[in-house]
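Structural characterization, general
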Amino acid sequence: MSRRWGQVLPAALLIASVLQVAYAEDGVTDNTILIGQTIGLTGTVAGTVKEMNEGAHAYIAAVNKQGGVNGRKIEIRTLDDQYLPEKSRANAKALIEKDKVFALFQSRGTPHTIAILPQLASSNVPLIAPSTGAESLHTPVNRWVFNVRAKYQDEVVKAVEHFKTLGFKNIGLLTYEKDDALGLDGLNGFNKGMAEYKLTPAFIEIFPRLKPNVNEVALKLVKATPDALIIVSSGANTVDVIKAIRAHGGRMQIMTLSNNSSQDFIKDLGPDAAGVILSQVTPPPNLASNGLGKEFQLAAKATGATISYAAMEGYLSAKVMVEGLRRAGRNLTRDGFMRGLETMQRVDMGGLSLSYSEKDHTGSNFVELTLIGKDGRYIR
């Protein structure tokens, strides 16, 4: 080797190294993938969030124990948004611009997720498995958002169908205001279901997300004497209004959505939990005959995660994210990650089929109803 070539080679290697660093994706090193999360660790949904995160971390722990994804272990950096949309927005900005995460994962709440969408688009950062069934996150398709759970409207329609089958005709709705995205989905789903089954709403009652007068609302609902009541709200609001309804003598059949489905929800309701119907967006977490349930229980046992529907949602969400990372290959980029997810067509996750494409980021349409028994267990 000539002296001149010996001088050129180290320089060339240095340039190549600089170029490799320059073109590396944020959040990706030779050994790790940094994922960001903004979610309500405190606030009205903290109990459900705790279980959901336990499920997600159970799956990620199992993956990391086996060496990670294509040689890289997954790290989750979580910031508490206290279930406030403005904090969700600020947290997403910090995670993307300061912490340089590769992607965001499993936000919680409809207005909270909507609040971070501009940051995703401006930074070209994907969000995987937002824990909300908002129609606006499905239609039109958002390039940066990959949903896993079914739509809220589908859950409400399923409830109307169930009550119709039971012969209930006097069905009412309690939901948030129209300018609240969850409230609007509740209203639209209710109207869709009632029209589909040719029923006339008994009433539509609106209450605010922040500081609702639960006692006043409960009295109105009890006086209306519906056969059945569908409640579209979150966390403590749902618990408080159900307890107030029962305290005032209301004995109508009550149904609420999967966003309230957790062991913490049952615990907070206490004796008033028995008989409440909840929609679910995953197969049962304790069903050993189901592939997803069986593997979830093994992972949960290893980490001490709660066995619940909320934890199962977190587990499934993490499994979908990891599958996308695997399909992206060792040369991991955000574009490759999203394209990897979009190659998932009717993929059996162990009892639940999931699909994506460039024109559809819905993921799963799975919805079923459960009843809380007197023993505090969910009954299918």
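Just above sits the structure.
Conventions and cut-offs
- Residues numbered from 1 in each chain as written.
- Predicted model: local features only at pLDDT ≥ 70, side-chain atom pairs only at ≥ 80, totals over all residues.
- Heavy atoms only, no water.
- Helix = DSSP H or I, 4+ residues; strand = E, 2+ residues; numbered from the N terminus.
- Rg over C-alpha atoms; globule rule 2.2 N^0.38 Å.
- Contact = heavy atoms within 4.5 Å.
- Lys, Arg positive; Asp, Glu negative; His and termini not counted.
- Charge placed at Lys NZ, Arg CZ, Asp CG, Glu CD.
- Expected span 1.5 Å × (residues − 1).
- Buried < 20%, exposed > 50% of the residue type's maximum accessible area, 1.4 Å probe, protein only.
- Arc of directions from axis to C-beta.
- Core = buried A, V, L, I, M, F, W, Y, C linked by side-chain atoms within 4.5 Å.
- Pairing = 2+ DSSP bridges.
- Axes fitted to C-alpha atoms, helices over the stretch in contact; angles between N-to-C directions.
- Parallel < 35°, antiparallel > 145°, perpendicular 65-115°, else oblique.
- Left-handed = near helix turned anticlockwise from the far one by under 90°.
- Nonpolar A, V, L, I, M, F, W, Y, C, P; charged D, E, K, R; others polar.
- Polar contact = N/O pair within 3.5 Å; in protein donor to acceptor, adjacent residues only side chain to side chain.
- Right-handed = clockwise from strand over helix to strand, strands pointing away.
- 1 Å grid on protein atoms, 1.4 Å probe; cavity = no way out; pocket = protein on both sides within 12 Å on 5 of 7 lines; lining within 4 Å.
- Points joined across faces, edges and corners; volume = space filled by probe spheres on them.

Considerations on the overall build of the protein
Along its length, the protein carries twelve helices and 15 strands. Computed over its C-alpha atoms, the radius of gyration of the protein comes to 23 Å, within 12% of the 21 Å expected for a compact globule of 380 residues. Summarising the internal contacts of the protein: among those between residues at least 6 apart in sequence, 68% fall at separations of at least 24. Here the protein contributes 43 positively and 37 negatively charged side chains, and the mean placements of these two sets differ by 4 Å.

Describing helix 3 (residues 85–98)
Between its first and last C-alpha, helix 3 extends 19 Å over 14 residues, near the 20 Å set by a 1.5 Å rise per residue. For helix 3, every residue scored as buried is listed here: S88, N91, A92, L95 and I96. When helix 3 is viewed along its axis, its buried side chains cluster within an angular range of 120° and face the same direction. A positive backbone phi angle near 60° is found at K100, which sits one or two residues after helix 3.

Topic: the nonpolar core
In terms of nonpolar packing, the biggest core is built from 57 residues, with F102, L104, L325 and F337 touching the most fellow members. Looking at this core, the element that brings in the most residues is helix 11 (residues 309–328), giving ten residues. Setting aside residues no more than four positions away along its own chain, F337 makes contact with F102, A103, P126, I128, M321, G324, L325, A328 and L332. Of all hydrophobic cores here, the second largest spans 48 residues; its members include L182, L187, Y197 and F265.

Overview of the sheet that holds strand 4 (residues 127–128)
Taking strand neighbours across the sheet as the criterion, the five strands line up as 2-1-3-4-5 in an open arrangement whose pairing is parallel. With partners counted over all chains shown, the strands left at the sheet margins are strand 2 (73–80) and strand 5 (145–146), one partner each. Contacting strand 1 (32–39), strand 2 and strand 3 (103–105), helix 3 runs over the sheet at an angle of about 165° to strand 1. Against the sheet, helix 11 contacts strand 1, strand 2, strand 3 and strand 4, and its axis sits at roughly 160° relative to strand 3.

Overview of the packing of helix 11 against helix 12 (residues 334–342)
At their nearest, the axes of helix 11 and helix 12 sit 7 Å apart, and the two run at 115° to each other. Considering the angle they form, helix 11 stands roughly perpendicular to helix 12. Crossing of helix 11 against helix 12: the hand is right-handed. Seen from helix 11, the contacting residues are V320, M321, G324, L325, R327 and A328; seen from helix 12, they are G336, F337, G340 and L341. Of the residues contributing to the contact of helix 11 with helix 12, the split by class is six nonpolar, three polar and one charged.

Here we look at helix 6 (residues 181–196)
In a regular helix each residue adds 1.5 Å, so 16 residues correspond to 22 Å; helix 6 covers 22 Å between its end C-alpha atoms and thus fits that length. For helix 6, the full list of buried residues reads L182, G183, D185, G186, L187, G189, F190, G193 and M194. Buried residues belonging to helix 6 abut helix 4 (110–123), helix 5 (152–166), strand 6 (171–175), strand 7 (203–206) and strand 8 (228–232). Here helix 6 starts with a cap whose side-chain oxygen sits 3.0 Å from the backbone nitrogen of L182, and that cap is D180. One or two positions beyond helix 6, positive phi appears at K198, with a value near 55°.

Topic: the sheet that holds strand 13 (residues 360–363)
Read from one edge of the open sheet, three strands run 11-12-13, paired in antiparallel fashion. Two strands close off the open sheet at either side, each with one partner strand: strand 11 (347–348) and strand 13. Pairing between strand 11 and strand 12 (residues 353–357): two bridges, direction antiparallel. In the strand pairing of strand 12, D348 is matched with S353.

Regarding the pairing of strand 9 (residues 253–256)
As paired strands, strand 8 and strand 9 are joined by four bridges and run parallel to one another. Residue pairing for strand 9: I231 is matched across the bridge by T256. As paired elements, strand 9 and strand 10 (residues 277–280) share two bridges and run parallel to each other. Bridging across to strand 10, M255 finds its partner in I277. Regarding the hand of the β-α-β motif, the stretch spanning strand 9, helix 9 (residues 263–269) and strand 10 is right-handed.

A word on the environment of F265
Within the secondary structure, F265 sits in helix 9. Sequence separation between F265 and A236 is 29 residues; the distance between their C-alpha atoms is 8.4 Å. Excluding residues within four positions of it along the chain, F265 makes contact with T238, V239, I242, T256, N260, L278, I372 and Y378.

With respect to the side chain of N147
Looking at where N147 falls in the secondary structure, it is placed in the loop between strand 5 and helix 5. A polar contact is formed between the side chain of N147 and the backbone oxygen of L137, at a distance of 3.0 Å. Not counting residues within four places of it along the chain, the set of residues in contact with N147 comprises P130, T132, L137, H138, Y356, H361, T362 and G363.

Here's the deal with the layout of surface pockets
Where empty space is left in the structure can be found by rolling a water-sized probe over the atoms. Taken as a whole, the second largest pocket spans an internal volume of roughly 230 Å³. The wall of the second largest pocket is formed by 16 residues, among which T44, Y83, L84, R209 and L210 lie closest to the centre. For the lining of the second largest pocket, the per-class residue count stands at seven nonpolar, five polar and four charged.

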